[in-house]
Amino acid sequence: MMSKINHSTAERVGVYVCHCGTNIAGVIDVEAVAKWAAEHLKDRGVVIARDYKFMCSSLGQELIEKDIQELGLTRVVVAACSPHLHEATFRVACQRAGLNPYLCELVSIREQASWVHTDKHAATEKAKAILSGGVERVLHHAPLDPLHVPIHPATLVVGGGIAGIQAALEIADAGFPVYLVEREPSIGGHMAQFDKTFPTLDCAACILTPRMVSIGSHPNVTLMTWSEVTNVAGYVGNFTVTVKKKARYINTDLCTGCGICQEKCPKKVIDDTFEAGLGYRKAVYTPFPQAVPKYPVIDHVNCTYFQKGTCRACEKLCPTDAIDFKQEDEIVTLQVGNIVLATGYDIFDARRVAQYGYARLANVFTSIEFERLSNAAGPTNGNIVLRDGVTVPKTVGIIHCTGSRDRNFNNYCSAICCMQSLKFAHLVKERTGATVYNFYIDIRTTAKAYDEFYQRVLDEGTIFVRGRVAEVTDAARMPTEEGKLIIQVEDTLAGRQRRIPVDMVILSVGLEPRRDSHEVAKLFGISCSSDGWIIEKHPKLDPVATMTEGVFVAGCAQGPKDIPNSVAQGAAAAARVLGRIQQKEIALEPVRASVDESKCSGCRICNGLCPFNAIIFHEDRMVTEVNPALCQGCGTCVAACPAGAISGTVFSNEQIFAQMEGLLLHNIERPPITEGVLA
């Protein structure tokens, strides 16, 4: 039987069914659903049932507000789209009319009915059941008040690429403190490795370096490079973040960045990071000349002193005695109100596509290697040459979508590869005059001035071959192929197989999530998609927020994107943070779990399950407590508690059981609600 709840007066429920254009009305008979609710649910408190074309519109909201005021509604049920999309919209409408917003229930007859059915009669009947469940559930709702928490004015930005730099500058320029944490010795990210940027062919360093300098000298920015976040505790407005500052073995208070230590260091190692394996660096180094901060780092893995206890040339020759081999990692604790994650991306490992011959055939290059080849500050001073460092290629093949749009690797499009490949074609033509082939599946040049750039490359004489490349080989079949790399491809426009000999192959490799993206997401209490990208709160309406309040995402951490979009998202995340800071406090959803201490056995099963670290165990009383500021109302602890000591606000057992009764239409068989009693 359904539980009974005493009320001083019977509830008056208003039901509103949305057409959502044809999204719902194209499959569900919306008018019939509203009429059915008025007739069959009147004994459950329904006093008005309406349908409207777009309930979320201002006119639809005004309709609800008017009925609340004129009919004295005490509960509202809206049958429309997902609560994730518009629950807040209808709650605010109820609040404007003087009704507690948590006495409003939104049920989905779009995602759960019209979008998943083609049988109109069955979909209509299902919509009636869903609506019935919502009506029965809302009768058990109670007025709630949001939780108000203060916002600390400082912000943590994790990641010093262009997105993180933009976010940090926006917040710092507004007058608020920012901590910028970067795991590499310098900020700049992947953009610092590039030569030109599409479609305008601006010098990457020319547009990036001024912003790096601004960050390094900004009075409101605390720059923490060669550092990593190791722990995050607290909640929106009051995060406690632990950062490990790795030992540079350089005293930055004494170092002037003169570079003598790098010049005199006798140990050279291959630079697999910044120079992508094409160049060398010293064991004491700055990643590139324009690095910010200017202080070098000693690579203790390759340093002769740390290996053998000898050398110490840098220490002997440093004019300011800044070398400190005894320096140790430092742990720093920060208090911040909001966090912006701009941790960037990794490059797809082209060795996984074995048939393209990367790392097996000498003159197969990846896109990041070509970026360094073409960069005036790169290992070849911008000269595009083969692996021998001398020979200029006369024919070059550029293969798009390496590792992207491929079911064997990554299904998604990496967004930048087409324009990146077009840029490479232009640079090769400009600097070598070589014949260039672009092997593509589809050309995707969708942003401002991108297609004009494509037309420019076409006019320059680049040859485009549509088709996925099957193989890159050095096995010649005829004299003209001797000493060449042969690209085997199906030309889908010509309808035939082709073998095209070239001197150089450039693989336009895709973007992948950071290799530790899942660990980082867990650290900050958020989630990743199956691909590994950070999941945003809503892909359309809230693309910079995450499901954890106070944690925002920007740039390629959220998904593949180009530089303009990364900058825009960094600025958008900063805007959201600034809005929070200027409000000085935030109202949190009161949808939280709570513990009945009289029932808690102290088993601690729930303690390790909470994904938001919101559960505290009191050893002295042997009971569990939920921190409401940290709790996100996910219900994991509620389901896990064997004693039934934990309940979830808005998702109590009574509410769930009542909704189930309504879904089964058992409620229309119950006796009518009488004054003072909910049957």
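Residues numbered from 1 in each chain as written. Predicted model: local features only at pLDDT ≥ 70, side-chain atom pairs only at ≥ 80, totals over all residues. Heavy atoms only, no water.

### Brief notes about the nonpolar core
Across soluble globular proteins, nonpolar side chains have a tendency to be buried as a group.
(1) Moving on: With 76 residues, the main nonpolar core has Ile215, Val340, Val428, Met504 and Ile506 as its most contacted residues.
(2) Moving on: Considering every element that reaches this core, the biggest residue donor is helix H6 (residues 162-173), with eight residues.
(3) Moving on: Contact partners of methionine 504, with chain neighbours within four places excluded, come to Asn363, Phe365, Leu373, Ile384, Val385, Leu386, Pro393, Thr395, Val396 and Gly397.
(4) Moving on: If you look at the next biggest cluster of nonpolar residues, it comprises 43 residues, including Val30, Leu41, Met55 and Ala79. (Core = buried A, V, L, I, M, F, W, Y, C linked by side-chain atoms within 4.5 Å. Buried < 20%, exposed > 50% of the residue type's maximum accessible area, 1.4 Å probe, protein only. Helix = DSSP H or I, 4+ residues; strand = E, 2+ residues; numbered from the N terminus. Contact = heavy atoms within 4.5 Å.)

### Thoughts on empty space enclosed by the protein
The method is simple in principle: a probe with the dimensions of a water molecule rolls over the atoms, and the space it marks as empty is what remains.
(1) Moving on: In total, this model carries eight cavities of 30 Å³ or more according to the counting rule given.
(2) Moving on: Quantified by volume, the largest cavity comes out at close to 180 Å³.
(3) Moving on: Forming the walls of the largest cavity are 17 residues, and the residues nearest its centre are Gly234, Phe239, Thr548, Phe612 and Leu630.
(4) Moving on: Here the lining of the largest cavity gets four residues from one element, more than from any other, and that element is strand E12 (residues 227-235). (1 Å grid on protein atoms, 1.4 Å probe; cavity = no way out; pocket = protein on both sides within 12 Å on 5 of 7 lines; lining within 4 Å. Points joined across faces, edges and corners; volume = space filled by probe spheres on them.)

### Quick notes on the pattern of salt bridges
(1) Moving on: Throughout the structure, instances matching the rule amount to 35 salt bridges.
(2) Moving on: For aspartate 299, the salt bridge identified is with arginine 281, shortest N-O distance 3.1 Å. Here arginine 281 lies in strand E15 (residues 279-282) and aspartate 299 lies in the loop between strand E17 (297-298) and helix H9 (304-308), a separation of 18 residues in the sequence. The exposure classification of aspartate 299 matches that of arginine 281, with both residues buried.
(3) Moving on: The partner of arginine 580 in a salt bridge is glutamate 549, and the shortest N-O contact between them spans 2.9 Å. Highlighted residues: arginine 580 in helix H15 (residues 563-583) and glutamate 549 in the loop between helix H14 (517-523) and strand E30 (551-553), separated in sequence by 31 residues.
(4) Moving on: A relative accessible area of 12% means that arginine 580 is categorised as buried.
(5) Moving on: Residue class for glutamate 549 comes out partly exposed when judged on its relative accessible area of 22%.
(6) Moving on: Connected via shared salt-bridge partners are Glu87, Arg91 and Glu589. (Salt bridge = Lys/Arg side-chain N within 4 Å of Asp/Glu carboxyl O.)

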